[in-house]
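Below, each chain spelled out in residue letters.
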Amino acid sequence: MFFKQKSNVIFRNYESFGYITDNRNFGYNPTDNNDNHIGDKILSESGAVFLSVLGRTPQTLNGLAKEIKKQFTDVDIRTIKNDAKEFYCMLEQDGFIVSGETMQECDEKDTRFSYKILEPEVRIKNFSPTVIHPEKSTQNFLEEYFSSKPQLTNLHIEITSICNERCIHCYIPHDYKVSYIEPDLFYDVLEQCKNMRLLHLTLSGGEPMLHKNFCNFLRKCNEYNFSVNVLSNLTLLNDEIIKEMKTNPLLGVQVSLYSMNPNIHDEITQMKGSFEKTKNAILKLIDNDIPLQISCPIMKQNKNCYDDVIKWGKKHKVHVGDDYVIIARYNHTTQNLSCRLSIDEIKEEINDKVANDPKYLEQMVREAEKKKNVTSNDFVCSVCHSSICIADNGNVYPCAGWQDYIVGNVKKTSLNDIWDNSEKVQYLRGLRNKDFSKCIQCSDKEFCTMCMVRNANENPKGDPLLVNEFFCNIAKLNRQIMLERKEKLMNS
């Protein structure tokens, strides 16, 4: 019998335990895919050894047992073989690995992402494992193990600030788009990420495909088994890049498409012909079964036609995310906000969504219910708790868009040292909801998401604690619309 890890899972060995998870962060699904995520699991110390010898190429049980034997020299090979089979079957039932009587059968069971309709996956049933692993929830176990010390799991790297488009709403000032990351620095950061057991990487720019080493960067990320999300306008997509993307089952792509009207899209990107290049590149990724998500920010230029992008995406089974959150540039200039919708325009858009999509209001209510459980001692957001960003010049900052708040530089200090010891990181990590007293007392707080970069970028002094009134007004608007709709339904 042959066994192998599934191509869409990530495993990290912490020696005293193991952690296995699916690619939930960047594993984009087609719009008609209703499968639930596999989830994640904590493995015992012996379980981590058993899984560490299992790769993405089918291996025989005998061969695996021999590798495991090297770690358990005092255990006879027959016992190891029996325990390994039982353990692997348990993980197969959970959806993390696959087995087969032949290598071909094993590979065929490892179904890859596809926009085409696939047969439902067959799983082993009624199996009762004897291999013991921690019974606590994954999150509780990790928090207890690390004594609530934040672990870096997501890193955003801007491999170049240079871009071939000049999007009118971009939060990066055009004059600052000038350089590329040095390959040696990128590879050094990846090595540090490997040692820190990072899970997810986002590669962006500027336009990341402008970097001459882009394919080599993707290749190295794949070697290290990182889940990779690429943020790109796709205008430079070519066959070499597609070929490299197809080799990495842990890869996803996010692209912005602003309108199905070429003139409107090109007006926003300020690059003639960009619509056709981006649209055709999206279709190429779909043809090659590369996971994709479209972003469609709503602004004055496309407010009357962004819905066409959503319909086009749905036709091709691609999810389209739309919102009206346009943030100021990170140097605190606000000229780019001239394209941002006014509160009255946002009200019109929300009412249209509620009227045309019953699920929209349901989702709004669900999100509000969740936020009722948020306390004054909860963290504000995930920045510096699980994620951080690196610019092409080595500067480290809390999140994409907040680039004037530099917490360190990886050319001078290791990423691990910055993560653990930077005073600015510690400051952000220490902030709680109660530090935003206005928000805690606000009756609209369940319809709002506090965002420090939105505060900082739009404030002349870059103060993340000074609440941005524009987004307060959107929260108030959401609450009013929900209450009005509820009252209307009760009276109808």
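Residues numbered from 1 in each chain as written. Predicted model: local features only at pLDDT ≥ 70, side-chain atom pairs only at ≥ 80, totals over all residues. Heavy atoms only, no water.

1. Considerations on the pairing of strand β11 (residues 292-297)
Our working rule: For every residue, the accessible area (1.4 Å probe, protein chains only) is compared with the maximum for its type, and the residue is labelled buried under 20%, exposed over 50%, or partly exposed between those bounds. What counts as a helix is a DSSP run of H or I of at least four residues, what counts as a strand is a run of E of at least two, and both are numbered from the N terminus. Any two strands with at least two DSSP bridges between them are considered paired.
Counting buried positions along β11 yields six of six residues, so the element is predominantly enclosed. Along β11, one buried face is formed by L292, I294 and C296 and the opposite face, lined by Q293, S295 and P297, is buried too. The sheet contact formed by strand β10 (residues 251-256) and β11 spans four bridges and is parallel. When the bridges of β11 are listed, V253 appears paired with L292. Pairing of β11 with strand β12 (residues 320-323), which is carried by four bridges, proceeds in the parallel orientation. Looking across to β12, one finds that S295 is bridged to G321.

2. Details of the sheet that holds strand β1 (residues 2-5)
Sheet strands pair by backbone hydrogen bonding; their relative direction is either parallel or antiparallel. How we decide: Working rule for contacts: check all heavy atoms of both residues, and any pair within 4.5 Å makes them a contact. The convention used is that axes are lines fitted to C-alpha atoms, helices contributing only their stretch in contact, and that angles between N-to-C directions extend from 0 to 180 degrees.
Across the sheet, which stays open at both edges, the three strands sit in the order β5-β1-β6 with antiparallel pairing between neighbours. Edge strands, defined here as strands with exactly one partner in the open sheet, are β5 (59-60) and β6 (97-100). For β1 and β6, the ladder comprises four bridges, and the chain directions are antiparallel. In the strand pairing of β6, F3 is matched with S99. Taken strand by strand, helix α3 (residues 77-94) contacts β1 and β6, and its axis lies near 115° from that of β6.

3. Some remarks on the state of the cysteines
Under the convention used in this document: Two cysteine sulfurs form what is called a disulfide whenever their separation falls within 2.5 Å.
Under the defined criterion, the tally for this structure stands at zero disulfides. With no disulfide of its own, C305 has C296 as its nearest cysteine by sulfur position, at a separation of 7.7 Å. Free cysteine: C339, not disulfide-bonded; nearest cysteine sulfur from C167 at 9.9 Å. According to the relative accessible area criterion, C339 is buried, its value standing at 2%.

4. Observations concerning the packing of aromatic side chains
Centre-to-centre distance and the angle between the planes together describe a pair of aromatic rings. This is how the line gets drawn: Any two rings among Phe, Tyr and Trp, with Trp reduced to its six-membered ring, count as a pair given centres within 6.5 Å; such a pair is stacked if its planes are under 30 degrees apart, edge-to-face if over 60, and tilted if neither. Two thresholds decide whether a charge sits over a ring: the Lys NZ or Arg CZ must be within 6 Å of the ring centre and within 35 degrees of the ring normal.
As enumerated under the stated definition, the model contains 18 aromatic pairs in all. Where Y14 meets F17, the ring centres are 4.6 Å apart and the plane angle is 5°; that geometry is what we call stacked. Pair check on accessibility: Y14 and F17 agree, each one buried. Relative to Y187, the ring of F186 has its centre 5.9 Å away and its plane inclined at 75°; by these criteria the two rings are edge-to-face. Residue classification places Y187 among the partly exposed positions, given a relative accessible area of 27%. Taken together, F3, F50, F72, F87 and Y88 form an aromatic cluster joined through their ring pairs. For R340, the ring lying beneath its charged end belongs to F470, and the centroid distance is 3.8 Å. Lying over the aromatic face of F471, R454 brings its terminal NZ or CZ to 3.9 Å of the ring centre.

5. A word on the confidence of the model for the chain
To keep things clear, this is the line we draw: The score called pLDDT rates the predictor's confidence residue by residue, from a low of 0 to a high of 100.
Taken as a whole, the chain shows an average pLDDT of 90; of its residues, 95% reach a score of 70 or greater. With pLDDT under 50 throughout, residues 119-134 is counted as low confidence; its partners more than four residues away or in other chains account for 30 contacts.

6. As for the sheet that holds strand β9 (residues 227-231)
Taken in spatial order, the nine strands line up as β12-β11-β10-β9-β8-β7-β13-β14-β15 in an open sheet, and their pairing is mixed. Of all strands in the sheet, those with a lone pairing partner are β12 and β15 (408-409), marking the two edges. The strands touched by helix α6 (residues 183-195) are β7 (154-158), β8 (200-204) and β13 (387-390); relative to β7, the strand with the most contacts, the crossing angle is about 180°.

7. Remarks on the packing of helix α2 (residues 61-69) against α3
Rule in force here: Orientation labels follow simple angle bins: below 35 degrees gives roughly parallel, above 145 gives roughly antiparallel, 65 to 115 gives roughly perpendicular, and whatever is left gives oblique. Whether a crossing is left-handed or right-handed is set by the direction in which the near helix is turned from the far one by less than a right angle, anticlockwise for left-handed and clockwise for right-handed. Classification convention: Asp, Glu, Lys, Arg as charged; Ala, Val, Leu, Ile, Met, Phe, Trp, Tyr, Cys, Pro as nonpolar; all other residues, Gly among them, as polar.
Taken N-terminus to C-terminus, the directions of α2 and α3 make an angle of 115°; their axes are 9 Å apart at the nearest point. As far as their axial angle goes, α3 and α2 are roughly perpendicular. In this structure, the crossing between α2 and α3 has a hand that is right-handed. Every residue of α3 that contacts α2 at L61, N62, L64, A65, K66, I68 and K69 is listed here: I77, I80, K81, A84, K85 and Y88. For the contact of α2 with α3, the per-class residue count stands at eight nonpolar, one polar and four charged.

8. Here we look at the nonpolar core
What counts is decided by this rule: Only buried residues count toward a nonpolar core, which is a set of Ala, Val, Leu, Ile, Met, Phe, Trp, Tyr and Cys residues joined through side-chain atoms within 4.5 Å.
Ranked by size, the top nonpolar core spans 90 residues in total, and within it L155, M245 and I388 carry the most contacts. Among the elements that line this core, the one with the most residues is helix α18 (residues 469-491), at seven residues. Residues contacting I388, with those up to four places away along its chain left out, are L152, N154, L155, H156, V396, Y397, P398, V407, L415, W419 and V425.

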